Amino acid sequence: MGLFSGNGTGNYIRAWEQAARVRINDLTEEQIISVADDEYADKLIAELVPEIPTIDRDNITMDRGSAQSGNQYGQTVHYYEFFIPFTGPREVFQFQPSTARFGGVPLELRANELVYRAAATDADAEKKLDSLLDEVEEHLRRVAQDFAALPREIRRMVSEMLPPKRQAIEEAKEGLGRFKFKMRRRDDAQPTYVAPEVKRKAIPSPRMTTTAAAAPEPVLEEAEYQHIMNVMDNMTHVMERSPNAFRTLGEEDIRTHFLFQLNGQYEGQATGETFNAKGKTDILIRVEDKNIFIGECKFWGGKKLLVETIDQLLGYLTWRDAKTALVVFNTNKNFTDMIATAVEAVTTHPNHKSGPAKEADTRYRYVMKNKSDPRKDVIMTMMLYDIPRE
């Protein structure tokens, strides 16, 4: 599948507009009164509107390779590979703009570079590469055009939804003065609200574990792990409450939503600490080429598939401390039965050690045994959500 041949930008725009609407409606009274409209709109835009990547045509590198042709003669085929670096989120290269090349642009997408392969006998390889990169830049411009209205729509929603809410709260509070009774203090009342930063600072330098025989390896602090869980939790609640906006999205598209929410909270560091995708559905943080957090998104397919997914998830992990998340979406009926089956299924996995510890209504924390060393623990949080498709 070529670049720009995934789900259409229109589907993402509708989903992110609905996500903004749900977040506005979820604000507490203290937040509504204290936050400035422009400030809150800036925050939503930073988290929901994707950054458009930029390709670096001035720093293209190349290499030579060879492979067996696969025909009956077993001939060796020689080729050149061209590596085109880019900055920005890789997921945008998968968005299909409103006008796109059929089948996509035939380049390979990697973590932070595009790759073009040409036969060593192709005298026009450089000219063809230039033409393909022109197409990539044109498609990126089209994606940017498709998303151009999203910030304006978010600002419109904030300006239309917040002031009436604020006015209603103030009028209700003023109305209390008509009564002679003393106001009861609410135990859950929050102090004056301070709006969060538009972007959370990059993940603090991870704690490093060391042994006498091994170099230090990074691990994710518990506070950051919990924040990641909460960000993912908030996004899935949006999906639960607005199933129509996400009805056409598959596992890879839902993963993309998570990536943008997480990248909206964290900014990458020079060491490469950032959220990215591995394979089709994995979400991970990499530090010094080590995975310190991996999340997996799956649609519910029964007990057997869940156990297989856990086995796959554990297989990604290193020997060091690891924290994982398994997000399971139910698109069928009988969500209560599905929860009971899933919670019990984890305990049947051969690497289960303890749990579940219930952290929320449908959020369960387990301790699993590392596949390569049963004496090493792995924290796995399973989050279950209901997104009916009917």
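Look up a bit, the structure's there.
Residues numbered from 1 in each chain as written. Predicted model: local features only at pLDDT ≥ 70, side-chain atom pairs only at ≥ 80, totals over all residues. Heavy atoms only, no water.

1. Details of the packing of helix α1 (residues 9-26) against helix α4 (residues 125-147)
The relative placement of two packed helices is expressed as an angle between their axes plus a distance between the axes.
Logical step 1: One can describe the packing of α1 onto α4 by two numbers: an axis separation of 10 Å at closest approach and a directional angle of 35°. Between α1 and α4 the crossing geometry is right-handed. Note on element contacts: α4 touches α1 through Val143, Asp146 and Phe147, opposite Thr9, Tyr12, Ile13 and Trp16.
Logical step 2: When the residues that make up the contact of α1 with α4 are grouped by side-chain class, the tally is five nonpolar, one polar and one charged. (Axes fitted to C-alpha atoms, helices over the stretch in contact; angles between N-to-C directions. Helix = DSSP H or I, 4+ residues; strand = E, 2+ residues; numbered from the N terminus. Left-handed = near helix turned anticlockwise from the far one by under 90°. Contact = heavy atoms within 4.5 Å. Nonpolar A, V, L, I, M, F, W, Y, C, P; charged D, E, K, R; others polar.)

2. Some details on the pattern of salt bridges
Logical step 1: In total, this model carries 27 salt bridges according to the counting rule given.
Logical step 2: Between Glu160 and Arg156 there is a salt bridge, with the nearest N and O atoms lying 2.6 Å from each other. One end of the pair, Glu160, and the other, Arg156, are both in helix α5 (residues 149-175), four residues apart, so they sit about a helical turn from each other.
Logical step 3: Judged by relative accessible area, which is 47%, Glu160 ranks as partly exposed. (Salt bridge = Lys/Arg side-chain N within 4 Å of Asp/Glu carboxyl O. Buried < 20%, exposed > 50% of the residue type's maximum accessible area, 1.4 Å probe, protein only.)

3. So, the packing of aromatic side chains
Logical step 1: Overall, the coordinates contain 10 aromatic pairs when judged by the stated rule.
Logical step 2: Measuring from ring centre to ring centre gives 5.9 Å for Phe95 and Phe147, while their planes differ by 45°; the resulting arrangement is tilted. Here Phe147 lies in helix α4 and Phe95 lies in the loop between β3 (76-87) and β4 (108-109), a separation of 52 residues in the sequence.
Logical step 3: Classification of Phe95 as buried rests on a relative accessible area of 1%.
Logical step 4: Aromatic pair Phe329 and Tyr385: ring centres 6.4 Å apart, planes at 35°, arrangement tilted. Remark: Tyr385 occurs in strand β14 (residues 377-386) and Phe329 occurs in strand β11 (residues 322-330); sequence separation between them is 56 residues.
Logical step 5: An aromatic cluster is built from Tyr12, Trp16, Phe95 and Phe147, whose rings are joined through pairwise contacts.
Logical step 6: The ring of Tyr79 carries the charged tip of Arg117 above its face, separated from the ring centre by 3.9 Å. (Phe/Tyr/Trp six-rings, centres within 6.5 Å; stacked < 30°, edge-to-face > 60°. Lys NZ or Arg CZ within 6 Å of the ring centre and 35° of its normal.)

4. Re the side chain of Asp233
Logical step 1: Inspection of the secondary structure assignment puts Asp233 in helix α6 (residues 222-241).
Logical step 2: Classification of Asp233 as buried rests on a relative accessible area of 13%.
Logical step 3: Those residues within four positions of Asp233 in sequence are excluded, and the remaining contacts are Arg363, Met383 and Tyr385.

Any functional reading would require information beyond the geometric quantities listed.
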